[in-house]
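Commentary on secondary and tertiary structure
Read off the chains here:
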Amino acid sequence: MTHPFLDLAPLGADRFAAIEDRVARLLSTEQDVVIMQGEALLPLEGAIRATAGPGNTALNVITGPYGQTFGDWLRDCGVTVIDLAVPFHTAVTAEEIRQAFAEHPEIDFVSLVHAEAATGNTNPVAEIGEVVRAHGALFYLDAVASIGAEPVLPDAWGVDLCVIGAQKAMGGPAGVSAVSVSERAWARMAANPRAPRRSYLSLLDWKERWIDGGRKALLHAPAQLEMLALEACVERIEAAGLDTVMARHASAAAATRAGALALGGGLEPYVHEARDAAPVATTLRAPAGAVASELVARALSADPAVPLAAGGGALAKEMIRVNHYGADATPGAVRSSLTALGGALAESGLTVDVEGALRAAEKAWR
């Protein structure tokens, strides 16, 4: 008995390299792209540990929970960390980054999350990149949630380490991820005596044994099914056109925001300004007196398939998240989410206008 997912010919180095090339084209980058055999936390942590250590000063921007994690890793590496935290209902500005450099000219590393799916905000990376470049700092970007939903352009923006994952807007697997690496970043790693070596976290191992070797021999047995799934999802994006895929996510965000405002019941966008809202997920503030996690539970009991979640940790009381990314960046997913939320709010005794919300969402779909 055979099975199409098990009885596969081994994935060779040439096929692996070809998938890397397609990911590089998706990023419009001439930098080296390394596909790592694990979820995006692998290159996110590996890139920090490879390039940061004692003697470095990092500006760590916190617009959500991942920024907090990056600060912890940087401190663990012995880095002097300057946290720039902004309220989760907004985005950081280039002027705030410029001011941080003015106050701390010793900053030589900047860590930033592009889109925070957990909090629903997105940051103006192109403008921030100009400031970081002007000061010569290394620029590290988490674009896991944003890739496929909005432009991600490491070369144009001066990003030295750009980490992506396929499990959100790309609609692909979670088991592999990628990072684009600039020549400056490789040089920083080579000069860092604490950079991981002979380790699953090691980017230098990939550089020396894979890239410098002409991409002829893989470091590890590849995560074959995940690599093939990554290839398939990139192929699907190429066939549709990246601009089309991004436009679909922007429409889903605009429709969800408009529908939530029209729904009533005290529901309102968590991210105050639409320009700061991420296209992968719309976060909503629960009405006064209501608990977000309880509203989500009621909505899911009516329709378990809707892409709704409560905020994580302390945000579970106040934040509802509509995850309209990947396969859920559709008018149908937006309609079902608004309908389920309307039902949950009505069950709580709140007055809602579901039909009005659906009309508003349809009108806002671009």
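In this text the structure is predicted, and so the values were computed from the model without any measurement.

Take the sheet that holds strand S13 (residues 319–322) next. Taken together, the 4 strands give an open sheet; going across it, the order is S10-S11-S13-S12, and neighbouring strands pair in antiparallel fashion. Of all strands in the sheet, those bounded by a partner on one side alone are strand S10 (268–269) and strand S12 (308–310). Pairing analysis gives 3 bridges linking S12 to S13, with the strands arranged antiparallel. Bridge pairing links Ala310 to Ile320 in S13.

Let us now look at the sheet that holds strand S7 (residues 138–142). Read across the sheet, 7 strands follow the order S1-S9-S8-S7-S4-S2-S3 without closing on themselves; strand pairing throughout is mixed. Two strands bound the open sheet, and with one partner strand each, they are strand S1 (32–36) and strand S3 (80–85). Adjacent strand axes in the sheet meet at a mean angle of 15° when their direction is disregarded. By the bridge criterion, 3 bridges tie S7 to strand S8 (residues 161–165) in an arrangement that is parallel. Residue Tyr140 lies in a different strand from S8, and its bridge partner there is Leu161. Of the strands in this sheet, S1, strand S4 (109–113), S7, S8 and strand S9 (177–181) are in contact with helix H2 (residues 41–51), which crosses S7 at around 165°.

Moving on: the packing of helix H12 (residues 331–347) against helix H13 (residues 354–364). At a minimum axis distance of 10 Å, the contact between H12 and H13 shows a crossing angle of 155°. Classified by the angle their axes make, H12 and H13 are roughly antiparallel. In terms of crossing hand, the pair formed by H12 and H13 is right-handed. The residues of H13 that touch H12, namely those facing Val334, Arg335, Leu338, Thr339 and Gly342, are Val354, Ala357, Leu358 and Ala361.

What follows is about the packing of aromatic side chains. In the structure shown here, the tally under the stated rule is 6 aromatic pairs. Both rings, one in Phe16 and one in Trp206, keep their centres 6.0 Å apart while their planes meet at 15°; by these two values the pair is stacked. Here the residue Phe16 occupies a position in helix H1 (residues 13–26), and Trp206 occupies one in helix H8 (residues 203–211), the gap between them amounting to 190 residues. You'll find Phe16 and Trp206 in the same group, each marked buried. Ring geometry for Trp206 against Trp210: centres 6.3 Å apart, planes inclined by 85°, an arrangement best described as edge-to-face. Taken together, the positions of Trp206 and Trp210, both in helix H8 and 4 residues apart, correspond to about one turn of that helix. Neither residue differs from the other here; Trp206 and Trp210 are each classed as buried. Taken together, the aromatic side chains of Phe70, Trp73, Phe109 and Tyr140 make up a single cluster linked through ring pairs.

When glycine is set aside, most residues are seen to have a negative phi, and most peptide bonds are trans. The residue Ser28 is not glycine, and still its phi comes out positive at about 50°. Locating Ser28 in the fold gives a position in the loop between H1 and S1. Here Arg215, not a glycine, exhibits a phi torsion of approximately 55°, which is positive. Within the secondary structure layout, Arg215 lies in the loop between H8 and helix H9 (224–240).

Parameters and conventions
Residues numbered from 1 in each chain as written. Predicted model: local features only at pLDDT ≥ 70, side-chain atom pairs only at ≥ 80, totals over all residues. Heavy atoms only, no water. Pairing = 2+ DSSP bridges. Helix = DSSP H or I, 4+ residues; strand = E, 2+ residues; numbered from the N terminus. Axes fitted to C-alpha atoms, helices over the stretch in contact; angles between N-to-C directions. Contact = heavy atoms within 4.5 Å. Parallel < 35°, antiparallel > 145°, perpendicular 65-115°, else oblique. Left-handed = near helix turned anticlockwise from the far one by under 90°. Phe/Tyr/Trp six-rings, centres within 6.5 Å; stacked < 30°, edge-to-face > 60°. Buried < 20%, exposed > 50% of the residue type's maximum accessible area, 1.4 Å probe, protein only.

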